[in-house]
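An overview of the molecular structure
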Amino acid sequence: MELWFQEVHFGKPHRIRDIVESLEKNTIIEKNEDIEDVKKIILKHYDILEELYGKEKAVKDIRKHIIWYTSGLKNGKEVRVRVNEIDSKDKIKELLKIL
């Protein structure tokens, strides 16, 4: 069984990984957002949504998740303003180039 939930959580999954790492090492680990990590997570999240619900619902659902994923990121506001332009995975990739 693939444990995709270790890679994809809603919100900011990379933060969950950072928390686990901090607890394992018994220290505070502060990391800057890894933009490439966030992009990979968004695309993986989309793939899972598409597999579960089909393209049309996946496109609509990923829009709200992209808003959460990009909050606080440099150029995130521009992505959020244009999120309703998303109609395919290719459009997601194009939009993520802004980050």
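The following paragraphs examine the structure supplied in this document.

This paragraph deals with the environment of Arg63. Residue position: Arg63 is located in helix α3 (residues 55–70). Apart from the residues within four sequence positions on either side, Arg63 is in contact with Val83, Asn84 and Ile86.

Quick look at helix α2 (residues 35–53) now. Taking 1.5 Å as the rise per residue, α2 with 19 residues should run 27 Å; its terminal C-alpha atoms sit 27 Å apart, in good agreement. Turning to α2, its buried residues number three or more, namely Asp37, Val38, Lys39, Ile41, Ile42, Leu43, His45, Tyr46, Ile48 and Leu49. The first or second residue beyond α2 is Gly54, which carries a positive phi of 90°.

A word on the packing of aromatic side chains. Inspection of the entire model under this criterion finds zero aromatic pairs. Looking at Lys57, its charged tip hangs above the ring of Tyr53, at a distance of 5.3 Å from the centre.

Following both chains from N to C, one finds α2 and α3 inclined at 150°, their axes separated by 8 Å at the closest point. As far as their axial angle goes, α3 and α2 are roughly antiparallel. The two elements α2 and α3 meet at a crossing, and its hand is right-handed. In this structure, α2 uses Val38, Ile41, Ile42, His45, Tyr46, Leu49, Glu50 and Tyr53 to contact α3, whose residues at the interface are Lys55, Lys57, Ala58, Val59, Asp61, Ile62, His65, Ile66 and Tyr69.

Okay, α3 next. In this model, α3 (16 residues) spans 22 Å end to end at C-alpha, consistent with the 22 Å of a helix rising 1.5 Å per residue. The largest bend in α3 amounts to roughly 25° and is located at Arg63. Among all positions of α3, only Ala58, Val59, Asp61, Ile62, His65, Ile66, Tyr69 and Thr70 are buried. Just past α3, the residue Gly72 takes up positive phi, approximately 85°.

Cut-offs applied
- Residues numbered from 1 in each chain as written.
- Predicted model: local features only at pLDDT ≥ 70, side-chain atom pairs only at ≥ 80, totals over all residues.
- Heavy atoms only, no water.
- Helix = DSSP H or I, 4+ residues; strand = E, 2+ residues; numbered from the N terminus.
- Contact = heavy atoms within 4.5 Å.
- Expected span 1.5 Å × (residues − 1).
- Buried < 20%, exposed > 50% of the residue type's maximum accessible area, 1.4 Å probe, protein only.
- Phe/Tyr/Trp six-rings, centres within 6.5 Å; stacked < 30°, edge-to-face > 60°.
- Lys NZ or Arg CZ within 6 Å of the ring centre and 35° of its normal.
- Axes fitted to C-alpha atoms, helices over the stretch in contact; angles between N-to-C directions.
- Parallel < 35°, antiparallel > 145°, perpendicular 65-115°, else oblique.
- Left-handed = near helix turned anticlockwise from the far one by under 90°.
- Bend = angle between axes of the 7 residues up to and from the residue.

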